[in-house]
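Notes for the structure review
Listed here are the chains, written in short residue letters.
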Amino acid sequence: EKILIEPRDGLVASCLSNLLQTSAEDVLASGDTFKVGLSGGSLVQLLAQTLPNITTDWSRWYFFFCDERIVPFDSSDSTYGDYKTKLIGKVPVTEEQFIKINPDLSAEDAAKDYIKKMSVFFPPDRVPCFDVLLLGLGPDGHTCSLFPGHKLLNEASLWVCPINDSPKPPPSRITFTLPVINNAKKCIFVITGSSKAEIVKRILQGRERILPAARVQPHNGYLYWILDEDAAKFLETA
Ligand code: 6PG
């Protein structure tokens, strides 16, 4: 199921906070913890604006990384480092609630280590089922660190894989694979800016089936695209 939301500028944050708030309420009411996968890039600043508007039991949220760059946390390229600077302090979450990579390992070992860390939260014999995955979109159609034409798109069993030849720097990263992404309860693309308008149109109204972001099709969950006016400007609306 695809729900397309096209708020005017500035409404993206409130749209996202409403969606996260109601998603968290449902999960927390069931007695479970709320497990969210984060992406990097422009999403970090947007979440720093969005999350403080949410009323919730923050102590039961856990943040994972849909992808992460293998760099020290104090590097400006570290997605966790970016969240740490921009988010912790604005909402009452602790560093322990972020399930972080080990940046001292190779991408191969960091991916294995991350799978181990996920196994504390998810039964090891089944594909993890995240409550929400927050996804970005590159102008080339990538999402997480799954890039067009890359062999990682064919990964069918591992939860997390290393990549050492990312076309977007830095080159070494780990990334969730499509089986994990498509097993989430909610996949939410959050896309702003006119540099994304063309690829958004190709994916949502073209015949794209091959591009990584077009292959995000949760089996049993919901797919949302939250766009600002600039990112949605080439879409034909009825
Ligand atoms: C990264 C992110 C990546 C991101 C997209 C979109 O490495 O930058 O983890 O997956 O979500 O590249 O990034 P922007 O929103 O900054 O364009």
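Residues numbered from 1 in each chain as written. Predicted model: local features only at pLDDT ≥ 70, side-chain atom pairs only at ≥ 80, totals over all residues. Heavy atoms only, no water.

1. Some remarks on the sheet that holds strand S6 (residues 160-163)
Spatially, S4-S7-S6 is the arrangement adopted by the 3 strands of the open sheet, whose pairing is antiparallel. The open sheet is flanked by strand S4 (67-69) and S6, the only strands paired with a single partner. Strand-to-strand twist across the sheet, computed as the mean angle between neighbouring axes with direction ignored, equals 15°. Helix H4 (residues 107-119) contacts S6 and strand S7 (173-176) of the sheet and is inclined by roughly 165° relative to S6. (Pairing = 2+ DSSP bridges. Helix = DSSP H or I, 4+ residues; strand = E, 2+ residues; numbered from the N terminus. Axes fitted to C-alpha atoms, helices over the stretch in contact; angles between N-to-C directions. Contact = heavy atoms within 4.5 Å.)

2. Focus on the nonpolar core
Counting 82 residues, the largest nonpolar core has Leu 51, Trp 61, Tyr 114, Leu 134, Phe 176 and Ile 181 as the members making the most contacts within it. Looking at this core element by element, the count peaks at 8 residues for helix H1 (residues 11-29). (Core = buried A, V, L, I, M, F, W, Y, C linked by side-chain atoms within 4.5 Å. Buried < 20%, exposed > 50% of the residue type's maximum accessible area, 1.4 Å probe, protein only.)

3. Observations regarding the packing of helix H2 (residues 43-50) against helix H3 (residues 79-86)
The geometry of H2 relative to H3 is characterised by a closest axis approach of 10 Å and an angle of 30° between their N-to-C directions. Regarding the angle of H2 to H3, the classification is roughly parallel. For the element pair H2 and H3, the recorded crossing hand is right-handed. Facing H2, whose interface residues are Leu 43, Val 44, Gln 45, Leu 47 and Ala 48, H3 presents Asp 82, Tyr 83 and Lys 86. (Parallel < 35°, antiparallel > 145°, perpendicular 65-115°, else oblique. Left-handed = near helix turned anticlockwise from the far one by under 90°.)

4. Examining the site of the ligand
Around the ligand, 13 residues are found, and the nearest of them are Ser 42, Arg 69, His 142, Lys 168 and Lys 196. For the ligand, an oxygen atom lies 2.5 Å from a polar atom in the side chain of Ser 42. One nitrogen or oxygen atom from the side chain of Lys 168 is found 2.6 Å from an oxygen atom belonging to the ligand. Bound to the protein, the ligand loses 91% of the 410 Å² it would expose on its own. (Near = heavy atom within 4 Å. Polar contact = N/O pair within 3.5 Å; in protein donor to acceptor, adjacent residues only side chain to side chain. Areas by Shrake-Rupley, 256 points an atom, 1.4 Å probe, with all protein chains shown as cover.)

5. Observations concerning the packing of aromatic side chains
By convention here, two paired aromatic rings are described through the distance between centres and the angle between planes. One pass over the structure, following the stated rule, counts 18 aromatic pairs. A centroid spacing of 4.5 Å and a plane angle of 40° characterise the contact between Trp 58 and Trp 61, whose relative ring orientation is tilted. As far as the burial class goes, Trp 58 and Trp 61 line up, both buried. Note on Tyr 83 and Phe 98: the rings are 6.5 Å apart at their centroids and 40° apart in plane angle, and the pair reads as tilted. Pair noted here: Tyr 83 is in helix H3 and Phe 98 is in the loop between H3 and H4, with a separation of 15 residues, a long-range link. The exposure classification of Tyr 83 matches that of Phe 98, with both residues buried. Just above the ring of Tyr 80 sits the side chain of Lys 100; from NZ or CZ to the centre is 5.0 Å. (Phe/Tyr/Trp six-rings, centres within 6.5 Å; stacked < 30°, edge-to-face > 60°. Lys NZ or Arg CZ within 6 Å of the ring centre and 35° of its normal.)

6. What to know about the confidence of the model for the protein
Across the protein, the average pLDDT comes to 94, with 95% of residues at 70 or higher. Prediction confidence for the complex, expressed as pTM and ipTM, is 0.96 and 0.95 respectively. (pLDDT = per-residue confidence, 0-100.)

7. Topic: the packing of H1 against H2
Between H1 and H2, the least distance of the axes is 9 Å, while the angle of their chain directions is 70°. When the interaxial angle is binned, H1 and H2 end up roughly perpendicular. Of the residues in H2, those in contact with Val 12, Ala 13, Leu 16, Ser 17 and Leu 20 of H1 are Leu 46, Leu 47, Gln 49 and Thr 50. Looking at the contact of H1 with H2 residue by residue, the class counts come to 6 nonpolar, 3 polar and no charged. (Nonpolar A, V, L, I, M, F, W, Y, C, P; charged D, E, K, R; others polar.)

8. With respect to helix H6 (residues 197-205)
Buried residues of H6: Ala 197, Ile 199, Val 200, Ile 203 and Leu 204, and no others. For H6, the angular spread of buried residues about the axis comes to 165°, placing them on one side. (Arc of directions from axis to C-beta.)

9. Some thoughts on the pairing of strand S5 (residues 132-135)
Side chains Val 132 and Leu 134 project from S5 onto one buried face, and the interleaved Leu 133 and Leu 135 project onto a second face that is buried too. Relative to S5, strand S2 (residues 34-38) is paired through 2 bridges, and the arrangement is parallel. Counterpart to Gly 37 in the pairing with S5 is Leu 133. Summarising the sheet, S5 and strand S8 (residues 186-191) pair through 3 bridges and their orientation is parallel. Its bridge partner lying in S8, Leu 134 is registered against Ile 188.

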